Amino acid sequence: MTMRALALALALALVALPVLAEETIAAVQVNGKTVDAAALLSPTEDGDLLLDATTWAAWGVTLPPSTPKGLVSARKLGIQVVFDGPSQSYRLTVPASLLPAQTFQRRASWTADVNAQPFGLFTNYDVAVNRNLYGDWLSSFGHDSRTRFFGGVLESTGQLNHTPNGFDYRRGQTTWNKDFITQGTTLQLGDGFTRPNNLAGSVDLLGVHWGTNRALRPGESFSPVPVIGGIADSRSQAELYVAGVKQQQQKLQPGPYELQAGTLRAGANNLQVVVRDDFGREQVVNQDFYLSPQNLPKGKTEWSMDAGLVRTSPSEDRYGSPAIVGQVKHGLSDDWTMGGQIQATQEAQNFTFSNQVSGMWGALGADVGMSRSEQGTGQAWSVGYSYRNPQWSVFANHMEKSKNYWDLTRDSTLEGTEGFRVVKSTSAGVGYTPRDNPQLQISAAINQAFLASGSKSERLSATARYNRGADSFGASLSYDLATHSPGAYLSWRHMLGNQSSVSAGVSRSTDGRMAEAVQVSGSTGVGSQRLQYTGGVANAEDGKTGFATLQGNTPMGRWQSNVTAQGGQIQGGGRFEGSAWVGEGGLLMGPASYGSFAIVEVPGQKDVPVGGMGGYLQKTNNQGYALVSNLQPLQSFPLRIDTRGLPMDTTIDRTSQPVAAVRLGGAKVVFPVSSTHLIEIHLQHNGQALAGTGLVKTSTEEVPLGLGGVAVLEHPEAHQTLTVTREASTCHVTLPETLPDFSTPLVLECL
């Protein structure tokens, strides 16, 4: 290249470079809002601003992904730059597309920052007593006990039964659970069930269980729900509709926005976002999609690993051969989820491969299984299709297993029940709800099952339901294809206001038996309690039967009583469900807790109302403890106490505290209190009230001495010495062993 060419290229390059003016300090406004009161800037001679990505981000400007590195021109981004001399400021008008995105997604108030667990044993119990028609008394005590253990929760379930033959205890499951909340996984030691698939059910293994746990990630979506959005050019309001029903309403600032629906039904869905700005302009965005519960969102993975001994009897502690199970599912896309499972013992192995795809046409699943065992090799497969929209629902499924096909459920089958194993099944059905009459629902189905014993069942069925005002009607027809026997059922229900109803039904089973029944049910208030009742009469081939139940709730749990009369004989009984805590604070009772729980301490204060957002549920016992049941685990919400239950001389810093409990376990919450124990003292000398004013000093406080020798002590102690100082004299007095309350003045002689 000649010198002339080099000089020309250099000149062109210099022309392309912006000419920067001297550095200046100025304020910066973005769309009317000051983002920097004193920014050091180097504007170009033509008034442009060249800034790095960090500065743009600090000012709330989102750069496009294709933006090159280095200094970025405001004007090339489409940003209008105006310098205002009198105010010494740069005013930037940033397009809405470069403003920060606003994302509105419904998330649970999930937290990994949980309260410490209390020390003690928590037990859900279920006590039932019954006298049967033969005059025998039967009783049962079921329990679900939990306690903190090595950083986790140890849980044990079981049932103690008593019959005329004596006592019998049946252990349920004993499991140590440890949640790794931030990783979203759970480790279990002890009894636990494997995850089922379309070709094999769950199996109880005594051993080690580890895998992902959706319960630990309530803030994440496990359904491929699309995000719908756009760009708001000015302040606007967005409304999100699902199938024509408004689900969300959000205020938008200028800039990109994204909205995601919360609760959606499975099947075909339509999302619609309507955006209206302050000037009345409206923009509508529509999106159709199909939601399949079996699909995972793209990139989401679920897995589990189990190893242990197969429990061969759910009611006995009998275990068979050791086994391992591994399973994984992964969302390849929002519409395609793939998975696999391995089951193995020393004598047999099984592998299952599954696929689930979906689209606006519906959801299609296919599973293939292969096994090897002492009986030889086996194969199994299943395919299923479903489609749902607001008017129609359609499904069809088929499954087949070869004679030698093995899976782990065969090792857990009770002796003598192998013949009831389903080796082939087919089912299909259709449902319809008219668009202009959603009170009417019609469906029909066919079900066919072949058992390992060679027997089969085949049935056609059709149902219809219709609601009109306070009345509901139902009808179903069935036909047994094997025995060519029809069956039918008709029902009617009428609401008597909002709290009670009357219903009647008549049925004919496929084996020809007829039955009729009339029933009344509802609820009524008795004092502060709400009671639910049911009563009726049934007529069948074995005679008439009358029955009645009554149930209600108390702060300690739920009770139920029942009575039945048949053929001149009467049977009846009762049931009570509740929970008990034995540990910190002594014995505490409350309703059964199907979630987590909290032990609340208000030190030394009894009868203080304690509760959450649903009102005050319990009161503290003599030691200042209360049990609050049915907390949502891993979700933070406030627990409150009613300070009106505290003595006048007791103060508390706050009446509400956030609480978050571990899954299955409990949380400890303490409301610190400070007791002032105010007393009023009247000081005298030679029987006369001390004159003038002064100062009363003790080992714990200094308080003023008022006219008439009156002083108020906030922290008095028995046998405490008081030094009283006035202008010309000092005297001393000692408090007695028993101190009165504030309403009773204490008269003392100062010596």
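Read on for an overview of the structure. (Residues numbered from 1 in each chain as written. Predicted model: local features only at pLDDT ≥ 70, side-chain atom pairs only at ≥ 80, totals over all residues. Heavy atoms only, no water.)

**Quick notes on the overall build of the protein**
So, step 1. If you tally the helices and strands in the protein, you get two helices and 55 strands.
So, step 2. Classification of the 751 residues of the protein by burial places 37% in the buried group.
So, step 3. For the protein, restricting intrachain contacts to residue pairs at least 6 apart in sequence, the fraction spanning at least 24 positions comes to 48%.
So, step 4. Approximately 40,500 Å² of the protein is accessible, and the part contributed by carbon and sulfur atoms is 57%. (Helix = DSSP H or I, 4+ residues; strand = E, 2+ residues; numbered from the N terminus. Buried < 20%, exposed > 50% of the residue type's maximum accessible area, 1.4 Å probe, protein only. Contact = heavy atoms within 4.5 Å. Areas by Shrake-Rupley, 256 points an atom, 1.4 Å probe, with all protein chains shown as cover.)

**Remarks on the side chain of Gln618**
So, step 1. Along the chain, Gln618 falls in strand E41 (residues 615-619).
So, step 2. Side-chain polar atoms of Gln618 contact the backbone oxygen of Pro555, separated by 2.8 Å.
So, step 3. Residues contacting Gln618, with those up to four places away along its chain left out, are Pro555, Met556, Met589, Gly590, Pro591, Val608, Pro609, Val610, Ala626 and Leu627. (Polar contact = N/O pair within 3.5 Å; in protein donor to acceptor, adjacent residues only side chain to side chain.)

**A word on unusual backbone geometry**
So, step 1. Residues other than glycine seldom take positive phi values, yet Asp607 does so here, at roughly 60 degrees.
So, step 2. Along the chain, the position of Asp607 falls in the loop between strand E39 (596-601) and strand E40 (609-612).
So, step 3. Of note, Asn630 is a non-glycine position whose phi angle comes to about 60 degrees, a positive value.
So, step 4. Structurally, Asn630 is set in strand E42 (residues 625-631).
So, step 5. Classification of Asn630 by relative accessible area gives partly exposed; the value is 38%.

**With respect to the packing of aromatic side chains**
Two descriptors summarise a pair of aromatic rings, namely the distance from one centre to the other and the angle between the planes of the rings.
So, step 1. On inspection of all chains with the given rule, the structure shows eight aromatic pairs.
So, step 2. Their ring planes at 20 degrees and their centres at 6.3 Å tell us that Tyr125 and Phe576 sit as a pair that is stacked. Of this pair, Tyr125 sits in strand E8 (residues 120-131) while Phe576 is found in strand E37 (residues 569-583), placing the two residues 451 residues apart along the sequence.
So, step 3. On the basis of relative accessibility, which here comes to 24%, the residue Phe576 falls in the partly exposed class. (Phe/Tyr/Trp six-rings, centres within 6.5 Å; stacked < 30°, edge-to-face > 60°.)

**Here's the deal with the sheet that holds strand E6 (residues 89-93)**
So, step 1. The four strands lie next to each other as E2-E1-E6-E5, forming an open sheet whose pairing is mixed. Strand pairing shows two members of the sheet lacking a second neighbour, strand E2 (33-41) and strand E5 (80-84), which therefore form its edges. Going across the sheet, the axis of each strand differs from the next one's by a mean of 25 degrees, ignoring polarity.
So, step 2. Here strand E1 (residues 24-30) pairs with E2 via six bridges, running antiparallel. (Pairing = 2+ DSSP bridges. Axes fitted to C-alpha atoms, helices over the stretch in contact; angles between N-to-C directions.)

**Observations regarding the pattern of salt bridges**
So, step 1. Going through the model one piece at a time under the given rule, you end up with 20 salt bridges.
So, step 2. In this structure, Arg171 and Asp191 form a salt bridge, with 2.7 Å as the shortest nitrogen-oxygen distance. Taken together, the positions of Arg171 in strand E11 (residues 166-180) and Asp191 in strand E12 (residues 185-193) put the pair 20 residues apart, joining distant regions of the chain. Note on accessibility: Arg171 and Asp191 belong to one class, buried.
So, step 3. Between Arg311 and Asp204 there is a salt bridge; the shortest N-O distance is 3.6 Å. Taken as a pair, Arg311 in strand E20 (residues 301-311) and Asp204 in strand E13 (residues 204-212) lie far apart in primary sequence, 107 residues in all. Asp204 matches Arg311 in its accessibility class, with the two residues each being buried.
So, step 4. Three or more residues joined by partner-sharing salt bridges are found here, namely Arg171, Asp191, Asp204, Arg311 and Asp317. (Salt bridge = Lys/Arg side-chain N within 4 Å of Asp/Glu carboxyl O.)

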